Amino acid sequence: MKRIFFTSVLILTSVCAFAQGFNSKGGSHRGYNSPYTQQQQQPSSWSGSGIAIGTKLIATNHHVVDGATNLAIYFPDTDKEYRAEVVTVDETHDLAVVKVVDSSFNGFNNIKYGFKSEVEDVGMGVFVLGYPLVQSMGTEIKLTTGVVSSRSGFQGDVSTYQVSVPVQPGNSGGPLFNNKGELIGIINAKHKDAENASYAIKTAYVKNLVESFTNDNLFTTSNLIANKNLPTQVKLIKPFVYMIQCTNH
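These numbers come from a predicted model, not from an experiment.

Analysis parameters
Residues numbered from 1 in each chain as written. Predicted model: local features only at pLDDT ≥ 70, side-chain atom pairs only at ≥ 80, totals over all residues. Heavy atoms only, no water. Buried < 20%, exposed > 50% of the residue type's maximum accessible area, 1.4 Å probe, protein only. Helix = DSSP H or I, 4+ residues; strand = E, 2+ residues; numbered from the N terminus. Pairing = 2+ DSSP bridges. pLDDT = per-residue confidence, 0-100. Contact = heavy atoms within 4.5 Å. Axes fitted to C-alpha atoms, helices over the stretch in contact; angles between N-to-C directions. Polar contact = N/O pair within 3.5 Å; in protein donor to acceptor, adjacent residues only side chain to side chain.

### Some words on the pairing of strand 5 (residues 70–75)
Argument step 1. Most of strand 5 sits inside the fold, with five of its six residues counted as buried.
Argument step 2. Direction of pairing for strand 5 relative to strand 15 (residues 241–247): antiparallel, over a ladder of five bridges. Across the sheet, residue Ile 73 finds its bridge partner in strand 15, namely Ile 244.
Argument step 3. Counted along the chain from strand 5 to the antiparallel partner strand 6 (residues 80–90), the turn is four residues long, and its residue Asp 79 has a positive phi close to 55°.

See the structure below:
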């Protein structure tokens, strides 16, 4: 059985593991052992990243929202925060769908990126957007780039990609795009003992999760940014990538 642990940004652990997921909380998903010692306490607040997939829906990781009693999505550029709730989760594939329920939120409109459910090719250029290590790196959105290294992930997991994109705590739940501006995955882990070996759950599994609770086809958005350069793609995607703020008090 795979053993994937999640280490905290603020609390160093000595747990030996092959891979780690990373919101800014720490903790574990899939029911595996927590990396916290008996003397350590999980923090009362933490953050991860998320990407809009519908009018009021955001995809993220299960381990980002796991244990949270209150959720909000926050966009630093506008300093706006909206109350949100978990709609459904897939613990097996470390996915969650969050809905913005704040009455002041008008919805995500004019999504210009596409969604790709077919498996991406090895060597495809990819990029990640998210909010890593906000306490030291700040709250401006961060871009990292790389390629698809493998069509399967940790220990041959076919539900994930391995990519060469550097990711950090706080990137959890953030989007993985190909260089055509299509969402191909959700970042959830990286290899603890390898350089630039990160993992992302394939978009097909996000699609399956969404279809488990709604008949709305959310993955038919036309890709309007395929021929744009990277700075323009980032500019057009950026308004739909949110920091997810979680508390358990």
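Let's pick the thread back up.
### Focus: the confidence of the model for the chain
Argument step 1. Considering every residue of the chain, the mean pLDDT works out to 84; 83% of them sit at 70 or more.
Argument step 2. For the stretch residues 25–40, pLDDT sits under 50, and the model shows 53 contacts to residues farther than four places along the chain or on other chains.

### So, the sheet that holds strand 3 (residues 45–52)
Argument step 1. Here we have six strands rolled up into a closed barrel, ordered 3-4-7-6-5-15, and antiparallel in their pairing. Shown here is a sheet whose adjacent strand axes are inclined to one another by a mean of 40°, direction ignored.
Argument step 2. Here strand 6 pairs with strand 7 (residues 95–100) via six bridges, running antiparallel. Across the sheet, residue Asp 90 finds its bridge partner in strand 7, namely Leu 95.
Argument step 3. Helix-sheet contacts for helix 3 (residues 203–211) involve strand 4 (57–60), strand 6 and strand 7, and the interaxial angle to strand 7 is about 55°.

### Considering the side chain of Lys 116
Argument step 1. Looking at the secondary structure, you find Lys 116 in the loop between strand 8 (114–115) and strand 9 (125–130).
Argument step 2. A relative accessible area of 17% means that Lys 116 is categorised as buried.
Argument step 3. Looking at Lys 116, its side chain comes within polar contact range of the side chain of Glu 120, at 3.1 Å.
Argument step 4. Aside from chain neighbours lying at most four places away, what touches Lys 116 is Asn 178, Glu 182, Leu 183, Ile 184 and Thr 203.

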